[in-house]
Amino acid sequence: MTSVSYTETFRIDQPRETLFPLFSAEGEKFWVPEWDYTNIMGTTELHEDYIFLTSNHDHASADAIWLVKRYEPGNYYVQFYKVEPEDKVGLITVKCLLIGENLTDVEVTYQYTALGGKGEEVIQGFTSDQYKEFISEWKNLLVSYFKQQV
């Protein structure tokens, strides 16, 4: 079984109360180009065991089923399972850490485990440098989003 895990942190000049809701199925629509999902729960309110679907997003080799594993809004912490049947399972964790009144560190971890040959190929080609670039794009997109809000 092949697996990989990477963690990166970036700083955003926003309070975590403003930032944290953007790390949800609905929230990502505001700052991630072409992000969309299929809402199968009938609500946009995130909670543990919330399930949604995406088509080929974030290192996807197949359509994905997302499940909220842990959701602790009071701690600014969310964790998702991202399941691509027969390919790989991802465990994505986002923590918003208070640095100052209007300053937040966002810690993002992606852990992938292969379920088959296609998933193994994706994981073997997913380097630490690629992950750093991927998360740096998160920061750039968020900074751009907040500039448009002013």
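Data block above holds the structure.
*Asks:* Account for the overall build of the protein chain, naming residues and giving values.
*Replies:* Broken down by element type, the protein chain carries three helices and seven strands. When the helices and strands of the protein chain are read in sequence order from the N terminus, they spell out β-α-β-β-β-β-β-β-α-α. Overall, the C-alpha framework of the protein chain stretches about 45 × 40 × 25 Å when taken along its three principal axes. Taken over 150 residues, the protein chain has a buried fraction of 45%. Restricting the contact set of the protein chain to residue pairs at least 6 apart, pairs at least 24 apart contribute 50%.

*Asks:* Which residues make up the sheet that holds strand β2 (residues 38–39), and what values go with them?
*Replies:* Across the sheet, which stays open at both edges, the seven strands sit in the order β1-β7-β6-β5-β4-β3-β2 with antiparallel pairing between neighbours. On the outer flanks of this sheet lie β1 (3–12) and β2, each paired with one strand and no other. Both β2 and strand β3 (residues 51–54) contribute to a ladder of two bridges, which runs antiparallel. Considered in β3, the bridge of T38 is made with L53. Across the sheet, helix α2 (residues 117–124) touches β1, β6 (88–100) and β7 (103–114), and the angle it forms with β7 is around 140 degrees. Together, β1, β6 and β7 form the strand contacts of helix α3 (residues 128–149), whose direction differs from that of β1 by roughly 30 degrees.

*Asks:* Describe the nonpolar core, naming the residues involved and giving the relevant values.
*Replies:* Among the nonpolar cores identified, the biggest contains 40 residues, and F23, W31, V108, W138 and L142 are the most heavily contacted of them. Among the secondary structure elements, those contributing two or more residues to this core are β1, β4 (64–72), β5 (77–84), β6, β7 and α3. For this core, the element with the most residues is α3, which contributes eight residues. Non-local contacts of W138, meaning those with residues more than four positions away in its chain, are made with F10, F23, W31, V94, V108 and Y110.

*Asks:* If you had to explain α3 to someone new, which residues and values would you point to?
*Replies:* End to end, α3 covers 32 Å across 22 residues, agreeing with the expected 32 Å (1.5 Å per residue, within 8%). Residues of α3 that are buried: Y131, F134, I135, W138, L141, L142, Y145 and F146. The arc that holds the buried residues of α3, viewed along the axis, is 130 degrees, so those residues lie on one side. Opposite the buried face of α3, by more than 90 degrees, sit the exposed residues D129, E133, K147 and Q148.

*Asks:* Requested: an account of the pattern of salt bridges, with residues and values cited.
*Replies:* Per the counting criterion, the structure on display carries seven salt bridges. Here R11 ties to D105 by a salt bridge, and the two come within 2.7 Å at their closest N and O atoms. Highlighted residues: R11 in strand β1 and D105 in strand β7, separated in sequence by 94 residues. Across the pair D36 and K29 runs a salt bridge whose closest N-O atoms are separated by 3.9 Å. Members of the salt-bridge network, linked through shared partners, are E26, K29 and D36.

*Asks:* Tell me about unusual backbone geometry, and name the residues and values.
*Replies:* The backbone of E34 shows a phi angle near 65 degrees, a positive value even though the residue is not glycine. Among the structural elements, E34 can be located in the loop between α1 (16–19) and β2. Its identity is not glycine, yet E86 carries a phi of approximately 70 degrees, on the positive side. Mapping E86 onto the fold places it in the loop between β5 and β6.

Here is what the cut-offs are and how they apply
Residues numbered from 1 in each chain as written. Predicted model: local features only at pLDDT ≥ 70, side-chain atom pairs only at ≥ 80, totals over all residues. Heavy atoms only, no water. Helix = DSSP H or I, 4+ residues; strand = E, 2+ residues; numbered from the N terminus. Buried < 20%, exposed > 50% of the residue type's maximum accessible area, 1.4 Å probe, protein only. Contact = heavy atoms within 4.5 Å. Pairing = 2+ DSSP bridges. Axes fitted to C-alpha atoms, helices over the stretch in contact; angles between N-to-C directions. Core = buried A, V, L, I, M, F, W, Y, C linked by side-chain atoms within 4.5 Å. Expected span 1.5 Å × (residues − 1). Arc of directions from axis to C-beta. Salt bridge = Lys/Arg side-chain N within 4 Å of Asp/Glu carboxyl O.

From the geometry alone we can't say anything about function, so treat these as descriptive.
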